[in-house]
Amino acid sequence: MKKLFVLLIALTLGLSLAACAENTEAGELKEEGKVLNIRVWNDEFIGRFRTFYPGYLETKANGQDLLDDGTVVNWIEVANDNNGYQNALDTALLNQDSAAADDKIDMFLIEADYAKKYANDTYAMDVIGELGIPEHTLSQQYQYTKDIVTDDSGILRAVSWQATPGLFAYRTDIAEEVLGVSDPEDVQALLDSWEKFDAVAEDMKAEDYVMISGFDDAYRAYSNNTSAPWVNEDGEIIVDNQIIEWIKQTKTYTDNGYNNQTGLWSDGWFKDMGPEGNAFGFFFSTWGINFTLKDASKADAEGPEEVGNGLYGKYHVIEGPASFYWGGTWLVAAKGTDNPTLVRDIMMKMTANEKIATDITLQTEDYTNHMAAMDAIANDEEYGSKFLGGQNHIALFNESASTIDMKNISPYDQGLNESIQQSFKDYFLGTITWNQAWAAFEEKISTLYPELELKTIPADPFA
Amino acid sequence: MTRSRVNLFLQKTFVYTILITMALLIIFIFYTLLVNASRTHVDIQKGFSAFFGNYFGKNLENLLANNNINVLNAMKNSFIIATATAFLSTYVSALTAYSIHLYRFKGRNFLFMFILAVMMIPSQIASVGLITILYSIGFVVNYFVLIVPAMAAPATFFFLKQYLDTILNFELVEAARVDGAGEIRIFHTIVMPLIKPALAIQFIFSFVASWNNFFFPSLIIQSPNKRTIPIVISLLKNSSPDSFDLGPVYMLMVLSIFPMIIVFIIFSKQIIKGITLGSVKG
Amino acid sequence: MKNKRKTRINYAKWGYRFVIPFVVVYVVFSLIPLLSTFFYSFFEYYFKFGGLEKVGPNFNFLDNYILLFTEGKFFKYFGNTMLIWIMGFIPQVIVSLLLALWFSSTRLNIKAQGFFKTIVYMPNLVMAAAFSLLFLKLFSNNGPVTNFLFESNIIGESFSFVDQNWSTRGLLSFMNYLMWFGNTTILLMAGIMGIDKGILESAQVDGANTIQTFFRIVLPLLRPILLFVLVTSLVGGVQLFDLPQIFTAGSGGPEMGSMTVIMYISRLLGVSKQYGLAGAASTLLFIMTAIVSLGFFFIFYRKEVIPRKSIREGEDK
């Protein structure tokens with residue numbers, strides 16, 4: 001018996017010792033200098049930081065970054081499956097006060113869909129008042145990127161390095177064949193309203209092409225143009241006419257064969273972007289072109305990035321029937337951080353520095369949050385994206401970015417947008433009726449948000 | 001005699017046909033995993049292929065070179081946690097099963113029913129409460145936190161208990177007692193060898209379950225150097241569009257299976273050995 | 001000397017000592033958290049505005065339970081879960097039993113057993129999420145299996161595995177079957193190999209044929225292991241999450257027919273962190289699982305809940 005206990009105790013001790021050994025390791029880091037903990041849900045900002053932050057020296061074998069002042073950046077990456085990122089962040093924020101200085105969250109990233117949850121006095125530092133970033137340094141940032149993270153008392157709580165205007169990317173070869181024109185101005189003239197868009201869809205069908213690939217392609221172009229937030233002050237869900245218009249259009253497109261019934265991010269959707277696809281175009285945002293469309297458009301994935309490889313050079317971008325936005329990431333300085341000066345510096349350099357903003361755009365073709373820098377590239381006649389056949393897409397974004405308005409976002413957007421897309425898929429396919437689709441929507445939202453109610457089911461536009 | 005021989009031949013043909021069909025189906029699934037591990041991200045995204053790509057080495061290289069995730073370290077973590085969990089949970093459950101099987105003590109029936117009831121509670125539910133409690137007492141994330149809660153494994157206990165019901169005679173224990181062996185010695189030298197096949201099975205199952213466990217570790221592990229394989233896979237799957245690459249994801253899925261196959265082969269030999277040993281003794 | 005000491009040994013004490021590690025670990029790491037789950041099931045406790053503002057905890061006694069009963073979602077999802085489980089479990093137990101018998105039959109004397117056993121167990125090694133992802137690729141609307149079946153005229157052009165309720169459920173059951181039948185086979189084999197060969201031989205000497213031996217001797221002796229398989233599979237089935245979550249991208253599938261209870265609970269605990277309602281749903285799920293399992297116990301052991309035959313007197317003999 002004793003032996004057994006000794007054995008168990010030895011095991012327990014052994015394990016705790018192993019744990020202690022790791023603790024001392026962390027202790028050594030402390031001696032080296034400060035530790036900056038940044039929470040992210042994927043590696044996008046990590047990559048940006050390493051390429052463009054001037055203070056970055058090197059990445060150590062354990063994935064931490066070393067900065068020139070001796071600070072170590074500890075990236076805490078938690079994937080957002082099943083709300084995982086926010087759950088982990090919430091738990092950590094709850095324990096922010098009791099955490100040791102080097103374990104405190106110093107900075108974390110948020111998305112537009114749940115920005116309001118964190119960009120407030122509870123979790124986020126005042127960017128101007130507390131961190132001391134001079135207001136004029138942020139003057140070149142698009143106003144909407146500031147509005148969305150400004151709290152009720154008018155205090156700015158976060159900053160973003162990107163602006164994300166939406167676009168419609170179309171295939172010039174199909175445009176030439178079906179419409180007889182392929183230049184962005186000409187095509188835009190044929191697609192500048194939803195009525196014209198629908199008419200072109202019919203022409204596409206006649207030539208065995210589809211206008212768009214799937215059900216949700218056009219969703220953001222509608223849902224970001226609603227006249228009011230999803231939920232009113234009494235917690236009642238208001239289905240905007242734009243949402244009804246999206247349902248109407250998608251149902252018509254599905255019934256008439258104007259789409260290929262794919263879902264976003266599905267195999268079929270990616271296939272439709274490539275040379276084997278027959279889709280005329282895709283609604284995207286700035287980040288969609290170089291990171292998603294370009295890869296998927298190639299015939300030979302590892303072949304050279306040049307005209308001749310699949311559809312390389314054959315896509316062009318236009319504003320399309322409606323201007324919209326899609327996505328966006330903000331940096332938040334966490335309350336209780338022990339590195340406010342460094343956080344301030346990262347925020348200023350990564351989001352408000354003209355030179356860095358220019359570099360990011362020139363290197364990645366992404367659209368950054370600095371109006372002067374973007375103006376310069378938009379007006380540079382030499383500039384053009386090879387993938388877009390030499391088109392200066394920054395010029396296009398420059399026009400639409402200034403029109404973005406996020407005043408209608410609500411804290412429920414993520415769940416409601418997802419639920420309506422999921423619920424209406426069966427309706428588009430014809431397996432359920434209009435009322436059943438709304439019942440499914442209600443079923444989903446009542447699980448997600450107990451305080452919300454859908455009081456009136458919108459009238460069936462086809463009835 | 002000839003008739004039964006023909007019968008046997010037909011039976012054998014039937015059995016082998018089914019076995020081979022089944023094996024082919026399963027091999028096909030693993031084949032698709034391997035094929036995807038050898039293709040480029042863009043090709044995988046566009047759909048399926050029956051043929052190998054030539055990107056196997058490159059995917060492996062990309063996977064190992066990615067120091068955001070440090071795959072080898074994750075393998076090490078997973079291996080330590082899975083081995084310790086499998087060993088401890090099997091041992092502790094065997095002790096408990098043996099106790100309830102053999103000794104008559106007050107509350108024994110209650111304990112048995114209680115552990116069975118425990119088994120029916122979805123593990124995900126306890127996890128949420130556990131994390132709240134762990135945070136409130138200010139725990140440190142280390143192997144210990146991942147291994148110890150898994151030590152009390154109701155299903156492992158239940159299986160060993162059921163196995164003991166079919167196999168262990170009280171006379172055997174009584175004979176050992178008469179020979180003067182202590183209770184702990186009886187358990188270690190007589191009972192454990194006797195139930196070796198069951199222990200081996202539960203070791204394998206616990207190892208695999210721990211190796212593949214995503215839910216609980218994902219809620220508490222946040223430090224990069226503590227990550228396990230499933231967490232790394234989920235991070236890779238959720239990469240940002242500019243670095244998203246499915247090739248290494250499939251590669252890691254393939255790589256993560258090998259340690260388990262090795263554990264299975266080693267311990268499934270123990271199952272057979274244990275059985276022959278037992279029959280020699282019997 | 002030794003004999004004298006032996007009489008003084010308190011065997012019940014040994015019983016307690018042997019269960020201590022298990023019980024302590026369980027109470028600390030599972031029971032206390034579970035009790036807190038149960039506790040909050042009687043409270044209104046969630047976060048509104050997408051997780052921003054805490055509501056409660058306010059004691060509301062049975063309101064959460066009443067909501068679960070009146071809303072009906074819980075029972076719909078429980079039905080989905082059981083259906084997917086049963087459709088996979090029936091073939092699973094039949095095939096596993098057959099395989100276990102074949103593998104352990106000296107008459108058939110199957111060659112390459114190690115190979116077959118390893119292969120059969122291999123699906124269990126793949127993470128459920130990865131397995132699901134692979135099946136989604138194979139059976140998607142332009143996936144290879146769908147295309148192959150269409151080209152061989154087995155399914156029509158408009159047929160879609162992933163857009164229809166029953167085909168989605170069927171595939172989930174099939175995946176569950178494929179992942180677990182090797183596991184069950186191994187368990188049953190261990191049970192069969194534990195059976196005294198002498199009993200089987202004497203039965204055959206007495207003229208019993210294979211089928212008679214199986215039903216009269218093997219099956220009754222396998223009872224404890226079969227019960228284990230049944231109950232653990234039920235418990236695993238009730239907890240089905242990864243397969244449908246990945247396969248339906250969290251949507252619950254067409255007509256939400258593949259939404260399982262754990263998916264539901266995980267959504268409750270998601271953005272709005274509904275600890276109250278989720279606690280009630282968990283408690284209800286536990287009660288329903290326990291009722292079904294108890295049913296199995298009674299079927300297997302009639303009036304005897306715990307088999308007493310092997311207990312014997314561990315103490316006062």
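Residues numbered from 1 in each chain as written. Chains lettered and ligands numbered in written order. Predicted model: local features only at pLDDT ≥ 70, side-chain atom pairs only at ≥ 80, totals over all residues.

Participant: Any chance you could break down the packing of helix H8 (residues 154–167) of chain B against helix H11 (residues 223–238) of chain C for me, citing the residues and the numbers?
Facilitator: Each pair of packed helices can be summarised by the angle the axes make with each other and by the distance between the axes. Between H8 of chain B and H11 of chain C, the shortest axis-to-axis distance is 8 Å and the interhelical angle comes to 165°. The angle between H8 of chain B and H11 of chain C falls in the class roughly antiparallel. Considering only the axes of H8 of chain B and H11 of chain C, their crossing is right-handed. Touching Ala 155, Phe 158, Phe 159, Gln 162, Asp 165 and Thr 166 of chain B of H8 of chain B are Pro 224, Ile 225, Leu 227, Phe 228 and Thr 232 of chain C, all from H11 of chain C. When the residues that make up the contact of H8 of chain B with H11 of chain C are grouped by side-chain class, the tally is seven nonpolar, three polar and one charged. (Axes fitted to C-alpha atoms, helices over the stretch in contact; angles between N-to-C directions. Helix = DSSP H or I, 4+ residues; strand = E, 2+ residues; numbered from the N terminus. Parallel < 35°, antiparallel > 145°, perpendicular 65-115°, else oblique. Left-handed = near helix turned anticlockwise from the far one by under 90°. Contact = placed C-beta atoms within 7 Å. Nonpolar A, V, L, I, M, F, W, Y, C, P; charged D, E, K, R; others polar.)

Participant: How would you explain the sheet that holds strand S5 (residues 107–111) of chain A if you had to name every residue and give the values?
Facilitator: All names here are of chain A. With mixed pairing, the six strands of this open sheet are ordered in space as S2-S3-S4-S1-S5-S9. Both outer strands of the open sheet, strand S2 (56–59) and strand S9 (329–333), are each paired with one neighbouring strand and no more. Neighbour-to-neighbour, the strand axes of this sheet turn through a mean angle of 25°, independent of strand direction. Relative to S9, helix H13 (residues 340–352) is tilted by about 160°, and along the sheet it contacts strand S1 (35–40), S5 and S9. (Pairing = 2+ DSSP bridges.)

Participant: How would you explain the interface of chain B and chain C if you had to name every residue and give the values?
Facilitator: Between chain B and chain C, the residue contacts involve 77 residues of the former and 75 residues of the latter. Contributing elements (two or more residues each) for the side of chain B that touches chain C: helix H1 (2–37), helix H4 (71–102), helix H5 (108–119), helix H6 (123–136), H8, helix H9 (170–178), helix H11 (196–212) and helix H14 (246–281) of chain B. Among the elements that make up the side of chain B that touches chain C, the one with the highest residue count is H1 of chain B (13 residues). Here the side of chain B that touches chain C is composed, by residue class, of 56 nonpolar, 15 polar and six charged.

Participant: With reference to specific residues and values, describe the environment of Met 371 of chain A.
Facilitator: All names here are of chain A. Here Met 371 is to be found in helix H15 (residues 371–378). Along the primary structure Met 371 and Asp 121 are separated by 250 residues, whereas in three dimensions their C-alpha atoms are 28 Å apart. Setting aside chain neighbours within four positions, we find Met 371 in contact with Gln 140 and Tyr 142.

Participant: Break down helix H10 (residues 183–194) of chain B for me, citing the residues and quoting the values.
Facilitator: Residue and element names in this part refer to chain B. Here H10 is twelve residues long and its end C-alpha atoms lie 15 Å apart, about the 16 Å a rise of 1.5 Å per residue gives. Every buried residue of H10 is accounted for by Glu 183, Ile 186, Phe 187, Val 191 and Leu 194. Viewed along the axis of H10, the buried residues span an arc of 95°, placing them on a single side of the element. (Expected span 1.5 Å × (residues − 1). Buried ≥ 20, exposed ≤ 12 C-beta atoms within 10 Å, placed from the backbone. Arc of directions from axis to C-beta.)

Participant: An account of the sheet that holds strand S7 (residues 281–285) of chain A is requested, with residue identities and associated values reported.
Facilitator: Residue and element names in this part refer to chain A. Spatially, three strands are ordered S7-S6-S8 in an open sheet, and the strand pairing comes out antiparallel. Two strands close off the open sheet at either side, each with one partner strand: S7 and strand S8 (315–318). The average angle at which neighbouring strand axes cross in this sheet is 30°, direction not considered. Most of the contacts of helix H7 (residues 184–191) go to S8, to which it runs at about 55°, and overall it touches strand S6 (166–171) and S8.

Participant: Let's hear about the interface of chain A and chain C: which residues, and what values?
Facilitator: On the chain C side, the residues contacting the 28 residues of chain A number 26 residues. At the level of elements, helix H3 (84–94), helix H4 (115–118), helix H11 (267–273), helix H17 (413–429) and helix H18 (434–448) of chain A are the ones that each hand at least two residues to the side of chain A that touches chain C. A class-by-class count of the residues in the side of chain A that touches chain C yields eleven nonpolar, nine polar and eight charged.

Participant: Quick rundown of the packing of helix H4 (residues 73–104) of chain C against H11 of chain C? Include the residues and the values.
Facilitator: All names here are of chain C. Running from N to C, H4 and H11 point in directions that differ by 145°, and their axes come no closer than 9 Å. As H4 packs across H11, the resulting crossing turns out to be right-handed. For the pair formed by H4 and H11, the contact residues are Thr 81, Trp 85, Phe 89 and Val 93 on the first element and Val 229, Ser 233, Gly 237 and Val 238 on the second. Grouping the amino acids of the contact of H4 with H11 by side-chain chemistry returns five nonpolar, three polar and no charged.

Participant: Now, about the confidence of the model for chain B: what can you tell me, with residues and values included?
Facilitator: Per-residue confidence for chain B gives a mean pLDDT of 82, with 91% of residues at or over 70. Contacts from residues 276–282 of chain B, a stretch scored under 50 in pLDDT, to residues over four places away or in other chains number two contacts. (pLDDT = per-residue confidence, 0-100.)

Participant: I'd love a proper account of the pairing of strand S2 (residues 53–59) of chain C, names of residues and values included.
Facilitator: Here five bridges tie strand S1 (residues 43–48) of chain C to S2 of chain C, and the two strands are oriented antiparallel to one another. Each bridged residue has a counterpart across the sheet, and for Lys 48 of chain C the counterpart in S2 of chain C is Glu 53 of chain C.

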